[in-house]
2 protein chains.
Amino acid sequence: MRPTPSADAATVTFREELFRRGLLVETGVPGVYGRSGEFDDTVALVERLVMAAGAADRPEVLRFPPVTSRALIERSGYLGSFPHLAGVVRCFDGSERDHRALLRAVESREDWGVGLAATAVVLAPAACYPVYPLLAGTLPPDGRLVDVMSCCFRHEPSDDVARLQSFRMYEYVRAADAQTVLAWRESWLARLVHLAHGMGLDVRIEAASDPFFGRTGALLADSQRGQGLKLEVLAAINGEHAPTAIMSANYHQDHFGELFGIRAHDGSVAHTSCVAFGLERIALALYRRHGLDRARWPQHLRQAAGA
Amino acid sequence: MRPTPSADAATVTFREELFRRGLLVETGVPGVYGRSGEFDDTVALVERLVMAAGAADRPEVLRFPPVTSRALIERSGYLGSFPHLAGVVRCFDGSERDHRALLRAVESREDWGVGLAATAVVLAPAACYPVYPLLAGTLPPDGRLVDVMSCCFRHEPSDDVARLQSFRMYEYVRAADAQTVLAWRESWLARLVHLAHGMGLDVRIEAASDPFFGRTGALLADSQRGQGLKLEVLAAINGEHAPTAIMSANYHQDHFGELFGIRAHDGSVAHTSCVAFGLERIALALYRRHGLDRARWPQHLRQAAGA
């Protein structure tokens, strides 16, 4: 009798099959992959389902490029908490002589990026950052709700196929008084589970923390988890034994309200919350759950994918 | 009698109206803008039309993230020709002490990016680069044809609303023997004009050159234009007097075939060509041509946008 394959073997097989079938394509960089037309069509399906799940609230819709203002990220506190994940963009602005030196450095495999100059941009670390400065001032009585998406970057090279360095993040961002924001996040927990179940995914919700940097960061992470500020929806991508966060519901208290001068209608510092969806991760969870042959997926998903 | 506004005044007005109506949203960085849901829906319409224009040829479809392998760009010759446009990604990989120094530099508005480390990625300068290494080896008898898209970056901050630093580029990439590739590019010229006319755009085709760096670059640009290697489809975005390239048809001769070891079926070094579409630029040309109120666009475009 053949032994049941271990979860790890199945996970290795899942990853290899994604590449073998061409759903993902190696680029030589861990976590940076090309995608087939079908894979991106599945991501588009996920995007439509996420959009539909929030459409009844009639959010304002904004889309942002994969680079964002460096000044914004400096102001946001991101570099204090996650310096190791930030992708900073630098450019050559030298003379023709400098250019010849740069090409020699490339040729001799030195670090030719040392002498590059600062630019006004960094890679977007999350979809919601560019929203907060737009909310500055006093919010309307019911606050504001924004539907936002961008391709994000985190410098964490990994062979875990669920841990991409470059990935699309869809978010709903809510800003209002604390009570309104907390009730809104609470209402989304059931919607997240409903959305996942509608896709046939088995999920569970867990208190979690962000990957804060350093020893102080470890304390921040404990505090975040202890207060239940970050809740993650987990699903199997790399096997049942190590489920992956595919969605999260985050409560920032008055962190962004304070930093960006956002005030609730009553004059208090606004609180904010965001519900975030990792579109590629949800797509991967669908392939893991329903198999790599999309023609054999449940009919309602196949029909939605063909829309 | 009111004077007729000059073309420049109309151009200023067009830009201002895009922001006033919220189709584009300022981020504080020239050429890096947020977009409304409607603007991105128009970009998606353009994407569908471009895909439909090439679908009969049944291309392989690949999508790539906005970051790409640094080793690939080093090998491609991009840094020799366009060092000033490249966006190089660097990351913090220091200790907690280094982190405190970084935060002090941020606080005192110094260039805190100087000490960052190299990463394996740069911002994608064009959609087609990741395709060439995948074509290495001997091509099938009719060569290969790839439909590819990614969000690209060029460091050229500008208030010209048509000159984005971060923009989506759709490309068809053809690799085969020289004769096949030239005939393919020739056949696309009529299709480009047909596609533009179908969108109601007045266009003209011109020999053009890429923005090569430095004095040697100026010679390369002259040679490229003289040989007709780059043909651009121009349409009005900033007024009729200064039309903008919205599409291009590029013949690389054996440049990429040589660099990436691509051989035609007969064993010769493969030639390559790509036809490229600036999706935001085409969307802007549509707003310029048909007006900022999409409800008043020609019916076939409105219907396609609502699809």
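Residues numbered from 1 in each chain as written. Chains lettered and ligands numbered in written order. Predicted model: local features only at pLDDT ≥ 70, side-chain atom pairs only at ≥ 80, totals over all residues. Heavy atoms only, no water.

Undergrad: For the overall build of chain A, give the residues involved together with the corresponding values.
TA: A tally of regular secondary structure across chain A gives eleven helices and 14 strands. The C-alpha atoms of chain A give a radius of gyration of 21 Å, which matches the 19 Å a tight globule of 307 residues would have. Seen through its principal axes, chain A has C-alpha atoms that stretch 65 × 60 × 40 Å. Residues classed as buried in chain A amount to 54% of the 307 residues present. Taking the contacts inside chain A whose residues are at least 6 apart along the sequence as the reference set, 72% of them involve residues at least 24 apart. Taken as a whole, chain A presents about 13200 Å² of accessible surface, with 52% of it coming from carbon and sulfur. Computing the positive centroid from 33 side-chain charges and the negative centroid from 36, chain A places the two 2 Å apart. (Helix = DSSP H or I, 4+ residues; strand = E, 2+ residues; numbered from the N terminus. Rg over C-alpha atoms; globule rule 2.2 N^0.38 Å. Buried < 20%, exposed > 50% of the residue type's maximum accessible area, 1.4 Å probe, protein only. Contact = heavy atoms within 4.5 Å. Areas by Shrake-Rupley, 256 points an atom, 1.4 Å probe, with all protein chains shown as cover. Lys, Arg positive; Asp, Glu negative; His and termini not counted. Charge placed at Lys NZ, Arg CZ, Asp CG, Glu CD.)

Undergrad: Outline the packing of aromatic side chains, supporting the account with residue identities and numerical values.
TA: For the coordinates displayed, the defined rule picks out 34 aromatic pairs over all chains. Consider the rings of Tyr172 of chain B and Trp188 of chain B, whose centres lie 5.2 Å apart with planes at 25 degrees: the pair is stacked. Here Tyr172 of chain B, found in strand E9 (residues 166–176), pairs with Trp188 of chain B, found in helix H7 (residues 178–198); they are 16 residues apart in sequence, far enough to count as distant. Between Tyr287 of chain B and Trp297 of chain B, the aromatic rings sit 5.0 Å apart at their centres with planes inclined by 65 degrees, giving edge-to-face as the arrangement. Within this pair, whereas Tyr287 of chain B is found in helix H10 (residues 279–290), its partner Trp297 of chain B is found in the loop between H10 and helix H11 (299–305), the two being separated by ten residues in sequence. Neither residue differs from the other here; Tyr287 of chain B and Trp297 of chain B are each classed as buried. Every member of this aromatic cluster is reached through a ring pair, and the members are Tyr78, Phe82, Tyr129, Tyr132, Phe212, Phe256 and Phe260 of chain A. Arg191 of chain B extends its terminal NZ or CZ atom over the ring of Trp188 of chain B, reaching a point 4.2 Å from the ring centre. Lying over the aromatic face of Phe14 of chain B, Arg288 of chain B brings its terminal NZ or CZ to 5.2 Å of the ring centre. (Phe/Tyr/Trp six-rings, centres within 6.5 Å; stacked < 30°, edge-to-face > 60°. Lys NZ or Arg CZ within 6 Å of the ring centre and 35° of its normal.)

Undergrad: Which residues make up helix H10 (residues 279–290) of chain A, and what values go with them?
TA: All names here are of chain A. With twelve residues, H10 ought to run about 16 Å at 1.5 Å a step, and its terminal C-alpha atoms sit 16 Å apart, in line with that. The buried fraction of H10 is high, at nine of twelve residues. Residues of H10 that are buried include every one of Leu279, Glu280, Ile282, Ala283, Leu284, Ala285, Leu286, Tyr287 and His290, and no others. Phi turns positive one or two residues past the end of H10, at Gly291, with a value near 100 degrees. (Expected span 1.5 Å × (residues − 1).)

Undergrad: I'd like a rundown of the sheet that holds strand E5 (residues 88–91) of chain B, residues and numbers included.
TA: Spatially, the six strands line up as an open sheet ordered E4(A)-E6(A)-E5(A)-E5(B)-E6(B)-E4(B), and their pairing is antiparallel. Looking at which strands have only one partner, the edges of the open sheet turn out to be strand E4 (67–69) of chain A together with strand E4 (67–69) of chain B. For this sheet, the mean inter-axis angle between neighbouring strands, taken without regard to orientation, is 50 degrees. Judged from the three bridges that link them, strand E5 (residues 88–91) of chain A and strand E6 (residues 117–123) of chain A form a sheet pairing that is antiparallel. Bridge pairing in E6 of chain A links Arg90 of chain A to Ala118 of chain A. (Pairing = 2+ DSSP bridges. Axes fitted to C-alpha atoms, helices over the stretch in contact; angles between N-to-C directions.)

Undergrad: Describe in detail the pairing of strand E12 (residues 239–251) of chain A, supporting the description with residues and values.
TA: All names here are of chain A. Across seven bridges, strand E11 (residues 230–237) lies against E12 in antiparallel orientation. Across the sheet, the residue bridging to Lys230 is Asn250, located in E12. Hairpin remark: E11 followed by E12, antiparallel, with one residue in the connecting loop. Pairing between E12 and strand E14 (residues 271–278): five bridges, direction antiparallel. Bridging from a neighbouring strand, Tyr251 pairs with Ser273 of E14.

Undergrad: Help me get a handle on the interface of chain B and chain A, residues and values and all.
TA: Across the contact, 58 residues belong to chain B and 58 residues belong to chain A. Both faces considered, chain B and chain A share a buried interface measuring about 4800 Å² in area, 68% of it formed by carbon and sulfur atoms. Ranking the residues of chain B by area buried against chain A places Arg90, Glu96 and Trp112 of chain B at the top, with a combined share of 13%. For the pair chain B and chain A, the number of links is four salt bridges. Here Glu96 of chain A ties to Arg215 of chain B by a salt bridge, and the two come within 3.1 Å at their closest N and O atoms. In the side of chain B that touches chain A, the residues fall into 31 nonpolar, 17 polar and ten charged. (Buried area = accessible area lost by both parts, 1.4 Å probe. Salt bridge = Lys/Arg side-chain N within 4 Å of Asp/Glu carboxyl O. Nonpolar A, V, L, I, M, F, W, Y, C, P; charged D, E, K, R; others polar.)

Undergrad: Now, about the packing of helix H2 (residues 37–55) of chain A against helix H7 (residues 178–198) of chain A: what can you tell me, with residues and values included?
TA: Residue and element names in this part refer to chain A. It is the contact of H2 with H7, at a shortest axis distance of 11 Å, that shows an interaxial angle of 145 degrees. In the packing of H2 onto H7, the handedness of the crossing is right-handed. Along the contact surface, H2 presents Leu49, Val50, Ala53 and Gly54, while H7 presents Trp188, Arg191 and Leu195. For the contact of H2 with H7, the residue count by class is five nonpolar, one polar and one charged. (Left-handed = near helix turned anticlockwise from the far one by under 90°.)

Undergrad: Just give me the short version of the pairing of strand E6 (residues 117–123) of chain B, but keep the residues and values in it.
TA: Within a regular strand, the side chains alternate between the two sheet faces. Residues and elements named next belong to chain B. With five of its seven residues buried, E6 lies for the most part within the structure. Bridge analysis of E4 against E6 gives three bridges, and the strand direction is antiparallel. Bridging from a neighbouring strand, Thr68 pairs with Val122 of E6.

Undergrad: With reference to specific residues and values, describe the sheet that holds E11 of chain A.
TA: The strand order E10(A)-E11(A)-E12(A)-E14(A)-E9(A)-E8(A)-E3(A)-E2(B)-E1(B) describes an open sheet built from nine strands, whose pairing is mixed. Every other strand in the sheet has two partners, leaving strand E10 (204–208) of chain A together with strand E1 (24–29) of chain B as the edge strands with one partner each. Between one strand axis and the next, the sheet turns by 30 degrees as a mean value, whatever way the strands run. Examined bridge by bridge, E10 of chain A and E11 of chain A share five bridges and lie antiparallel to one another. Looking at the pairing, Ile205 of chain A lines up with Val233 of chain A of E11 of chain A.

Undergrad: Can you lay out the relation of the copies chain B and chain A for me, pointing to particular residues and giving the numbers?
TA: Both copies of the chain are placed relative to one another by a rotation about an axis and a shift along it. Aligned on chain A, chain B shows an RMSD of 0.0 Å; the corresponding rotation is 180 degrees and the shift along the axis is 0.0 Å. Overall, the copies show the geometry of a two-fold rotation axis. Within chain B, the C-alpha atom positioned nearest to the axis of rotation is that of Val89 of chain B, 2.4 Å from it. Both copies present the same face, since 100% of the interface residues in chain B are matched by interface residues at the equivalent positions in chain A. (Least-squares fit on C-alpha atoms with pLDDT ≥ 70 in both.)

This is a description of form; function is not addressed.
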